[in-house]
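# Fold and geometry: a report
Residues per chain, in single letters:
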Amino acid sequence: MLDQGAPPQDRTQAAPPPAGPAARLMRRKPVERLVAEGGHGEGGSLRRTLGLWQLTMISIGATLGTGIFVVLGEAVPKAGPAVTLSFVIAGLTALFSALSYAELAGTIPVAGSSYSYAYATMGELVAWVCGWCLVLEYGVSVAAVAVGWGEYLNELLDGTIGVTIPDALSAPPGDGGVFNLPALIVVLLAMAFLLGGARESARANTVMVVVKIAALVMFCAIGVQGLRSGNYENFMPLGMAGVSAAGATLFFSYIGFDAASTAGEEAKNAQRDLPRAIMLSLVIVTALYVLVAAVAVGAKPWQRFGDSEAALAQIMREVTGQSFWGTLLAFCAVIAIASVVLTVLYGQTRILFAMSRDGLVPKVFSKVHPKTGTPRANTLIVSLFCGVLAAAIPLGQLADATSIGTLFAFALVNVAVVVLRRSRPEMPRTFRVPLSPVLPALGFAFCVWMMGSLSAVTWVVFGVWMAVGLVFYFGYGYRRSRLAVTAPSVASAPSEK
């Protein structure tokens with residue numbers, strides 16, 4: 001009797017891998033096989049419990065809050081009042097990529113997100129590079145958001161009990177501290193929710209998303225009273241280069257729809273609901289980002305935004321002249337940012353789950369706990385790593401590192417949708433990118449342009465990260481890939497001739 005927890009590829013008789021190193025690097029995983037393996041892990045399976053509402057909330061939860069609560073203070077000094085244009089540019093770039101994500105999520109509804117899409121269309125090496133970028137994108141994003149959470153926690157503590165956590169324990173090295181304890185705490189809290197199961201985590205996230213939307217609406221309603229037309233003068237003080245640089249930094253705030261696509265193996269009707277959740281969440285988030293940014297730079301001179309990550313709470317306090325409103329916003333931000341940590345951490349674990357199932361990373365990441373239906377060991381390892389990272393590295397460096405990994409992965413998704421259209425035109429698609437290949441090409445071009453706006457240091461970090469990833473792939477994944485032990489006919493899609 002077959003083990004129900006074993007993934008389908010383990011039941012395939014072993015055979016020599018495709019001949020030649022180049023052929024092995026380009027081996028593709030058939031879409032049918034990706035879908036058939038959906039949910040299967042080592043020792044158990046993920047549970048399909050998420051509907052359209054939960055998927056949309058996951059997408060919004062992973063997106064809304066990061067850029068507006070935390071990174072706004074980092075982006076405004078780069079663009080000035082034109083930071084609103086930076087949000088628009090980042091949102092437009094995200095829109096082109098979101099259209100491609102929506103088509104592929106409806107066609108290949110699996111946990112691996114763009115990693116799996118690349119595996120089905122461009123081969124194993126490209127898939128590995130994409131997956132490695134996603135590890136950077138998600139892991140560093142969790143850490144970056146956790147850093148900002150500590151800023152708002154201090155605002156809340158100061159406004160309620162009149163004390164704050166000392167800088168030595170609330171800021172990372174390089175920012176005046178020794179160890180960012182609040183950042184570690186919020187990651188561990190998110191870990192506790194995830195260990196309880198996807199459905200329970202989704203319920204907690206939904207409550208937090210409602211709170212964060214209410215907080216931003218409240219900020220706009222109060223902040224608009226402090227608008228000063230003079231704050232919009234010299235709208236673009238650092239030119240278009242500043243706008244694009246700020247947009248590149250802010251782009252990591254738009255990875256939420258990618259997080260929704262990682263829930264493909266836990267969605268009740270992934271092919272129908274994932275494209276809808278992705279597009280709906282992007283529209284809501286972009287509108288709120290632009291509105292809040294416009295109110296913020298109108299209520300506070302842009303030159304004063306670099307002094308704190310808790311910029312919105314400070315604006316509320318300055319506009320009203322009372323500490324209550326700033327404290328209330330800080331309370332909402334503490335909840336809102338925690339939901340970003342929760343949902344992005346969820347996405348990270350599911351990416352590694354898919355890569356582990358394919359044999360490219362150790363099996364421990366695809367082991368599923370039979371009682372909760374969650375990859376428990378995966379969640380523990382990723383959470384501890386991200387928590388330590390958040391406690392030790394400054395926010396600005398984390399945000400830019402996340403942006404470059406996100407942009408690279410999104411660029412590959414735009415290519416993947418065109419490749420799959422040409423190689424598998426007969427496949428049923430619940431959503432199709434309009435004007436393809438024009439819009440995917442624009443999405444690719446925007447991603448490359450914004451990557452070029454990032455600093456040289458960020459590119460060096462990215463290059464080192466890629467080099468480490470390639471060493472790991474050729475030392476581990478290349479030989480242990482499950483496609484390496486299947487017949488050559490299995491390693492490419494059956495209809496590709």
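### Some points on the packing of aromatic side chains
Here the structure, examined in full by the defined rule, presents 18 aromatic pairs. Both rings, one in F474 and one in Y478, keep their centres 5.9 Å apart while their planes meet at 45°; by these two values the pair is tilted. Separated by four residues within a single helix, F474 and Y478 lie in helix α19 (residues 456-480), roughly one turn from each other. Site record: aromatic cluster; members linked through ring pairs are W128, W132, W465, F472, Y473, F474, Y476 and Y478. Here R27 stacks its cationic end above the ring of Y478, 5.6 Å away from the centre of that ring.

### Remarks on the pattern of salt bridges
Evaluation of the coordinates by the stated rule reveals 13 salt bridges. Across the pair K29 and E37 runs a salt bridge whose closest N-O atoms are separated by 2.5 Å. Residue class for E37 comes out buried when judged on its relative accessible area of 0%. Its salt-bridge partner being R33, residue E37 comes within 3.1 Å of it at the nearest N-O pair. The exposure classification of E37 matches that of R33, with both residues buried. One continuous salt-bridge network, built from bridges that share partners, spans K29, R33, E37, E265, R357 and D358.

### Description of the nonpolar core
By size, the foremost hydrophobic cluster in this structure holds 154 residues, and its most contacted members are I68, F69, L72, V83, F219 and L312. With residues near it in sequence (within four places) discarded, I68 still touches F87, L216, Y289, V292, A293 and L312.

### Thoughts on the confidence of the model for the protein
The share of residues in the protein with pLDDT of 70 or more is 89%, and the mean pLDDT across the chain is 82. Ignoring residues within four places in sequence, the model shows residues 1-17, a span with pLDDT below 50, making 39 contacts including any to other chains. A low-confidence stretch, residues 487-497 (pLDDT under 50), is modelled with 25 contacts involving residues beyond four sequence positions or located in other chains.

### Digging into helix α18 (residues 438-452)
Taking 1.5 Å of rise per residue, 15 residues should cover 21 Å, and α18 covers 21 Å from first to last C-alpha, within 8% of that figure. All buried positions along α18 are accounted for by L439, P440, G443, F446, C447, M450 and M451. Buried residues of α18 fall within an arc of 135° about the axis and therefore sit on the same side.

### Description of helix α11 (residues 239-250)
With twelve residues, α11 extends 17 Å from end C-alpha to end C-alpha; this agrees with the ideal 16 Å at 1.5 Å per step. The buried count for α11 comes to nine of twelve residues, which makes it a mostly enclosed element. Within the span of α11, buried status applies to G242, V243, S244, A245, A246, G247, A248, T249 and L250.

Calculation notes
- Residues numbered from 1 in each chain as written.
- Predicted model: local features only at pLDDT ≥ 70, side-chain atom pairs only at ≥ 80, totals over all residues.
- Heavy atoms only, no water.
- Phe/Tyr/Trp six-rings, centres within 6.5 Å; stacked < 30°, edge-to-face > 60°.
- Helix = DSSP H or I, 4+ residues; strand = E, 2+ residues; numbered from the N terminus.
- Lys NZ or Arg CZ within 6 Å of the ring centre and 35° of its normal.
- Salt bridge = Lys/Arg side-chain N within 4 Å of Asp/Glu carboxyl O.
- Buried < 20%, exposed > 50% of the residue type's maximum accessible area, 1.4 Å probe, protein only.
- Core = buried A, V, L, I, M, F, W, Y, C linked by side-chain atoms within 4.5 Å.
- Contact = heavy atoms within 4.5 Å.
- pLDDT = per-residue confidence, 0-100.
- Expected span 1.5 Å × (residues − 1).
- Arc of directions from axis to C-beta.

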